[in-house]
Amino acid sequence: MNLSSKVALITGASSGIGEATAIEMARQGARVAVNHFNQLSAANAVVAAIAQAGGQAIAVEADVSQSAQVNQMVQQVVQRFGQLDVLVNNAGIEQGKPFLDKTEQEWDRVIAVDLKGPFLCSQAAAREMVKRGKGGTIVNISSIHEDLAFPGHIAYCTAKGGLRMFCRDLALELAPYHINVVNVGPGAIATPINAKTLGDPKEKAALESEIPLGRIGAPEEVARLVAYLASDDASYITGTTVFIDGGLSRQTGSL
Ligand code: NAD
């Protein structure tokens, strides 16, 4: 796998799966833009880690739910690196609350970041890719919850379910431009989004007992899959979801 000819923009890359993906893609030779939202020092630490390992990276700030900020971010990447080959729509939030108590504002925010964000970022990135005429790849970090119900997480599941169809539809629209669109569907991964479960030994053990491989995944394991999907080795994969969940979705029998 070699990403040395590629420029990649990874959203929400100041922590978790996004951070691991930025570091892995840079390790494979890509020049990387580390998007963050109000997390400058964490994003700068990711950029510094990449530079220390001999890679090239910049930090770019944007709230992925705001079109003006997204367009400015993509322009910043193109101005700095001259091209954009890979977009990883990774930024996401999750707010657990029973459906009957969920507020309109909470619903709107999750849908804005987890579903509208990928729309805005993909459109801005794809316009650049089409203009350059050399194809590209869009990877959406979805979830097993693009298919699997999760009571108490209605907006998150709706957003990830929407991302499932977004990927399938966009893959067909962008295929004539040789832009591949793929979803990655992680199961339970050890990142800040799962801080509550990871911090409670009983909750963690209960979750791990449901996972056929018997453990929560590492962000680096997801990062290696994303880097592969962004590489030319994965040139015939588009319009589908690749699950990475230690067998969790098979155990529950829902996918
Ligand atoms: P995380 O909380 O470390 O990462 C989410 C990142 O998104 C953070 O860096 C956050 O600052 C950023 N972000 C939030 N709102 C943003 C906005 N408006 N604009 C730009 N960035 C914003 O958690 P993670 O687990 O690394 O999550 C990454 C992705 O993986 C998410 O889309 C999440 O839904 C998905 N996912 C995670 C798991 C898991 O178990 N960790 C499982 C399935 C899917």
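One structure accompanies this document, and this report is about it. (Residues numbered from 1 in each chain as written. Predicted model: local features only at pLDDT ≥ 70, side-chain atom pairs only at ≥ 80, totals over all residues. Heavy atoms only, no water.)

**Side note on the side chain of Asn35**
The topology assignment puts Asn35 in strand β2 (residues 31–36). A distance of 2.9 Å separates the side chain of Asn35 from the backbone nitrogen of Gly12, its partner in a polar contact. Residues in contact with Asn35, not counting those within four places in the same chain, are Leu9, Ile10, Thr11, Gly12, Ala13, Ser14, Val60, Glu61, Ala62, Val64 and Met73. (Helix = DSSP H or I, 4+ residues; strand = E, 2+ residues; numbered from the N terminus. Polar contact = N/O pair within 3.5 Å; in protein donor to acceptor, adjacent residues only side chain to side chain. Contact = heavy atoms within 4.5 Å.)

**Details of helix α2 (residues 40–52)**
Compared with the 18 Å implied by 1.5 Å per residue over 13 residues, the 18 Å span of α2 between its first and last C-alpha is a close match. Along α2, the positions that sit buried rather than exposed are Ala43, Val46, Val47 and Ile50. The arc that holds every buried residue of α2, seen down its axis, measures 95 degrees, which confines them to one face. Turned more than 90 degrees away from the buried face of α2 sit Ser41 and Gln52, all of them exposed. Of the surrounding secondary structure, the elements contacted by the buried residues of α2 are α1 (16–27), β2 and β3 (56–61). Just past α2, the residue Gly54 takes up positive phi, approximately 95 degrees. (Expected span 1.5 Å × (residues − 1). Buried < 20%, exposed > 50% of the residue type's maximum accessible area, 1.4 Å probe, protein only. Arc of directions from axis to C-beta.)

**A few points about the pattern of salt bridges**
Using the criterion set out here, one finds 11 salt bridges in the structure. With a shortest N-O distance of 2.8 Å, Glu221 and Arg215 are connected by a salt bridge. Within the structure, one salt-bridge network assembled from shared partners comprises Glu146, Asp147 and Arg164. (Salt bridge = Lys/Arg side-chain N within 4 Å of Asp/Glu carboxyl O.)

**Remarks on α1**
The end-to-end C-alpha distance of α1, which contains 12 residues, comes to 17 Å, matching closely the 16 Å that a straight helix rising 1.5 Å per residue would cover. Judged by how many residues are buried, α1 sits mostly within the fold: 9 of 12 residues are covered. Residues of α1 that are buried include every one of Gly16, Ile17, Gly18, Ala20, Thr21, Ala22, Glu24, Met25 and Ala26, and no others. Where α1 is buried, its residues meet β1 (7–10), β2, α2, β4 (86–89), β6 (179–186) and α8 (219–230).

**Observations concerning the site of the ligand**
As a structural note, the neighbourhood of the ligand is formed by 29 residues, with Ser15, Ile17, Tyr156, Thr191 and Asn194 the closest of them. Between the ligand and Val64, the relevant distance is 3.1 Å, taken from a nitrogen atom to a main-chain nitrogen or oxygen of the residue. Isolated, the ligand exposes 810 Å² of accessible area, and the fraction of that covered by the protein chains is 92%. Those elements giving two or more residues to the shell around the ligand turn out to be α1, α4 (104–132) and α5 (154–174). Here the residues of the shell around the ligand sort into 14 nonpolar, 12 polar and 3 charged. (Near = heavy atom within 4 Å. Areas by Shrake-Rupley, 256 points an atom, 1.4 Å probe, with all protein chains shown as cover. Nonpolar A, V, L, I, M, F, W, Y, C, P; charged D, E, K, R; others polar.)

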